[in-house]
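Each chain is listed here by its residues.
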Amino acid sequence: MALIEHDLFRGRIDRVQIAIDRLKMFEPPEGYYLAYSGGKDSDTILALAKMAGVKFDAHYHLTTVDPPELVYHVRRHPEVIIDRPKMTMWQWIRHKKIPPTRVVRYCCEKLKEQGGSGRVVVTGVRSGESIKRSKRKMNEVCYTDPTKTYLHTIIDWSDTDVWEFLKSNNIPYCKLYKEGYSRLGCVLCPLKSQRERVKDLNRYPRIADAYKRAIIRAYDSRERPSKGIKSGEDMFNWWISGRSAKEWAEKDTSFWAYE
């Protein structure tokens, strides 16, 4: 794909103008709630909203385990409101008595998805990001909050489209992309690949240590130990491995041990 295409039947297709037209078409009287994450897709929708001249307030939900480079990039945008959580990730881990996993993803619900109730939320969700997101529609109602609706204005854009837009308009983006990161997000996010999580361990040792302390406290507060996990440190190493509890109990774990 490209930002401008020439189709035999539809003629000239300008993806930027289409996205701007979408923003203008669905603009509510109170303006949009723009969900800003600091990633390249968020930088794109923020720029498009400005180009469209629509009313909006942009929000970044601090998770307390954000990469420092990402927070620095967000703070370069004074128009973005930084919303701080009532409880930190460490407090949630102790409260839930387990760290967030691919299956138990309370972190997103509690730290990222709370805002925008009663509003039209503009996001940078794109169909090409994953199989799950390929099923999303441009306009959707939030399944956990029916008062909140989504407008995914660049849902049909590719990675190439996003980078072409940012670079052709000289829009700054987080420096982590230049250092090999393809997607940004929480440090040690359970949805990251094992390689990415090991990279996070080495790059952000202080955050990793904070996770470890929280997980040990969570384990120690349990009424009974988990099957196959013998201590808080064992729980941390299991979590870092990305394996199921059953696999962890059956296989040698020394490779994944975190010093």
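Residues numbered from 1 in each chain as written. Predicted model: local features only at pLDDT ≥ 70, side-chain atom pairs only at ≥ 80, totals over all residues. Heavy atoms only, no water.

*Asks:* I tried to follow the overall build of the chain on my own but got confused; where do I start?
*Replies:* In terms of regular secondary structure, the chain is built from 10 helices and 8 strands. Sequence separation of at least 24 residues holds for 61% of the intrachain contacts in the chain that already meet a minimum separation of 6. (Helix = DSSP H or I, 4+ residues; strand = E, 2+ residues; numbered from the N terminus. Contact = heavy atoms within 4.5 Å.)

*Asks:* Honestly, helix α1 (residues 15–25) in this entry has me stumped. Any pointers?
*Replies:* Each full turn of the α-helix corresponds to 3.6 residues, which orients residues three or four apart in the same direction. Arg15, Val16, Ala19, Ile20, Arg22 and Leu23 are the residues of α1 that are buried. An end-on view of α1 places all buried positions within 155° of arc, on one side of the element. Regarding α1, its N-cap is Asp14, as a side-chain oxygen of that residue lies 3.1 Å from the backbone nitrogen of Val16 further along. (Buried < 20%, exposed > 50% of the residue type's maximum accessible area, 1.4 Å probe, protein only. Arc of directions from axis to C-beta. Polar contact = N/O pair within 3.5 Å; in protein donor to acceptor, adjacent residues only side chain to side chain.)

*Asks:* What should I look at first to understand the sheet that holds strand β4 (residues 56–61) in this one?
*Replies:* What links the strands of a sheet is backbone hydrogen bonding, and the strands pair in either a parallel or an antiparallel sense. Spatially, the 6 strands line up as an open sheet ordered β5-β4-β3-β6-β8-β7, and their pairing is mixed. Every interior strand has two partners, whereas the edge strands, β5 (80–83) and β7 (139–141), have only one. Averaged over all adjacent pairs, the angle separating strand axes in this sheet is 30°, with direction ignored. With 4 bridges connecting them, strand β3 (residues 32–35) and β4 associate as parallel partners. Following the sheet pairing, Tyr33 is matched in β4 by Asp57. Running over the sheet, helix α2 (residues 40–52) touches β3, β4, β5 and β6 (120–123) and is turned about 150° from β3. (Pairing = 2+ DSSP bridges. Axes fitted to C-alpha atoms, helices over the stretch in contact; angles between N-to-C directions.)

*Asks:* Explain the packing of aromatic side chains here, please?
*Replies:* To describe a pair of aromatic rings, you give the distance between the ring centres and the angle between the ring planes. Throughout the structure, instances matching the rule amount to 7 aromatic pairs. For the pair Trp157 and Phe165, a centre-to-centre distance of 5.7 Å together with 70° between the ring planes defines the contact as edge-to-face. Grouping residues by exposure puts Trp157 and Phe165 together as buried. Ring centres of Tyr211 and Trp239 lie 4.8 Å apart, and the angle between their planes is 40°; this geometry places the pair in the tilted category. Of this pair, Tyr211 sits in helix α8 (residues 205–220) while Trp239 sits in helix α9 (residues 232–241), placing them 28 residues apart in sequence. Trp239 matches Tyr211 in its accessibility class, with the two residues each being buried. Taken together through their ring pairs, the aromatic side chains of Trp90, Tyr211, Phe236 and Trp239 make up a single cluster. (Phe/Tyr/Trp six-rings, centres within 6.5 Å; stacked < 30°, edge-to-face > 60°.)

*Asks:* Whenever I open this one, the side chain of Ser42 confuses me. Can you help?
*Replies:* Mapped onto the elements of the fold, Ser42 is located in helix α2. Overall, Ser42 belongs to the buried group, its relative accessible area being 5%. Ignoring anything within four residues of it in the chain, the contact list for Ser42 reads Ala35, Tyr36 and Ser37.

*Asks:* Looking at this structure, I do not really get the state of the cysteines. What am I missing?
*Replies:* Defined simply, a disulfide is a covalent bond joining two cysteines at their sulfur atoms. Enumeration over the complete set of coordinates arrives at 0 disulfides. This cysteine, Cys107, is not joined by any disulfide, and Cys108 carries the nearest cysteine sulfur, 4.4 Å off. Lacking any disulfide linkage, Cys186 is separated from the closest cysteine sulfur, that of Cys189, by 6.0 Å. Look at Cys186 and you get buried, because its relative accessible area is 12%. (Disulfide = S-S within 2.5 Å.)

*Asks:* Help me understand the confidence of the model for the chain in this model?
*Replies:* Looking at the chain as a whole, the pLDDT averages 87, with 87% of positions reaching at least 70. A low-confidence stretch, residues 253–259 (pLDDT under 50), is modelled with 16 contacts involving residues beyond four sequence positions or located in other chains. (pLDDT = per-residue confidence, 0-100.)

*Asks:* For this particular structure, what's the right way to read the environment of Ile81?
*Replies:* Positionally, Ile81 belongs in strand β5. Owing to a relative accessible area of 38%, Ile81 belongs among the partly exposed residues under this scheme. The sequence separation of Ile81 and Tyr60 amounts to 21 residues, and the corresponding C-alpha distance is 6.1 Å.

*Asks:* Hey, could you run me through helix α3 (residues 68–75) in this one?
*Replies:* Along α3, the residues classified as buried are Glu69, Leu70, Val71, His73 and Val74. The inward-facing, buried residues of α3 contact α2, β4, β5 and α7 (194–203).

*Asks:* Can you walk me through the pattern of salt bridges in this structure?
*Replies:* Oppositely charged side chains can form a pair if their charged atoms are brought close together. Taken as a whole and judged by the stated rule, the model has 13 salt bridges. Taking the shortest distance from any N to any O, the salt bridge between Asp200 and Lys192 comes out at 2.6 Å. We classify Lys192 as buried; its relative accessible area is 11%. Across the salt bridge formed by Lys212 and Glu233, the nearest N and O atoms sit 3.5 Å from each other. Placement of Lys212 in helix α8 and of Glu233 in helix α9 is noted, with a sequence separation of 21 residues between them. Look at Lys212 and you get buried, because its relative accessible area is 15%. Each of Lys40, Asp41, Arg126 and Asp159 takes part in salt bridges that share partners, so that together they form one network. (Salt bridge = Lys/Arg side-chain N within 4 Å of Asp/Glu carboxyl O.)

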